[in-house]
Amino acid sequence: MNPKGDKPKSKISASRKLSLKMLLLTRACEDLERETQEREEEKVRYLGDKLPPLQVSGMSLEELQSLCKQLHTKIDVVDEERYDCESKVNKHNKDIHELKLKVQDLGGKFKKPALRKVRVSADEMMRALLGSKHKGSMDLRANLKSVKKEDVKQDKVLTSEVGDWRKNVEAMSGMEGRKKMFDTGGGGQ
């Protein structure tokens, strides 16, 4: 490996790589052609075994009719086998498709379990998170702001001195309130 951490350079030149690819492709094409030729030969062999050549010359009418009946029975057997094979293939294809869908569903979805509420104190939580490193208890209420009770009492005293604001508003509203303000203001002169 290079000290820089880069990928190591290939020891094969680009032209050599290209020639190797070309050789591989030609070899693959030759193999494919050979396989198709072998399939055709096997097909001809199979048909030769299953269907011997017919010699109808010199046969009577009854012999031809019996030969036709034999051929029809063979055709029926072959059709049944073909139908059975096709139905098996279709069934297997459906099964494969269903299994692929199941795999996709399992891979894409994960049903989250319902969570339960658990009451855990701060000390228990710290023990669970830190393990044996947690020492002493942690009082979360110690860091809260404390409210002095004297302040609350002073607020109550101030509100009681002001009294009911509705009475004050009613007394100052209308002409009577203005008259009182004018009289108190005018009497001072």
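Now for a quick tour of the structure.

Quick notes on the rules
Residues numbered from 1 in each chain as written. Predicted model: local features only at pLDDT ≥ 70, side-chain atom pairs only at ≥ 80, totals over all residues. Heavy atoms only, no water. Helix = DSSP H or I, 4+ residues; strand = E, 2+ residues; numbered from the N terminus. Buried < 20%, exposed > 50% of the residue type's maximum accessible area, 1.4 Å probe, protein only. Areas by Shrake-Rupley, 256 points an atom, 1.4 Å probe, with all protein chains shown as cover. Patch = residues over 30% accessible without salt bridge, like charges linked within 9 Å, V, L, I, M, F, W, Y side chains within 5 Å. Salt bridge = Lys/Arg side-chain N within 4 Å of Asp/Glu carboxyl O. Lys, Arg positive; Asp, Glu negative; His and termini not counted. Charge placed at Lys NZ, Arg CZ, Asp CG, Glu CD.

### A word on the overall build of the chain
No. 1: Looking only at helices and strands, the chain has six helices and zero strands in total.
No. 2: The linear arrangement of helices and strands in the chain, starting from the amino end, is α-α-α-α-α-α.
No. 3: Buried positions account for 2% of the 189 residues belonging to the chain.
No. 4: When the accessible surface of the chain is totalled, it reaches about 19,700 Å², and 58% of it is carbon and sulfur.

### Observations concerning a nonpolar patch on the surface
No. 1: A grouping of V118, V120, M125, L129 and L130 is seen on the molecular surface, where their side chains present a nonpolar patch of about 480 Å² in accessible area.
No. 2: Here V118 shows up in the loop between α2 (61-108) and α3 (122-130).

### Remarks on the pattern of salt bridges
No. 1: A full pass over the atoms with the stated rule returns three salt bridges.
No. 2: Among the ionic pairs, R82 bridges to E86, the shortest N-O distance being 3.2 Å. Taken together, the positions of R82 and E86, both in helix α2 and four residues apart, correspond to about one turn of that helix.
No. 3: Residue E86 is classed as partly exposed on the basis of its relative accessible area of 40%.
No. 4: Beyond isolated ion pairs, a larger network of salt bridges with shared partners links D79, R82 and E86.

### Description of a negative patch on the surface
No. 1: A cluster of acidic residues, E35, E38, E40, E41 and E42, forms a negative patch at the surface.
No. 2: Along the polypeptide, E38 turns up in helix α1 (residues 14-50).
No. 3: Here E38 falls in the partly exposed class, since its relative accessible area comes to 44%.

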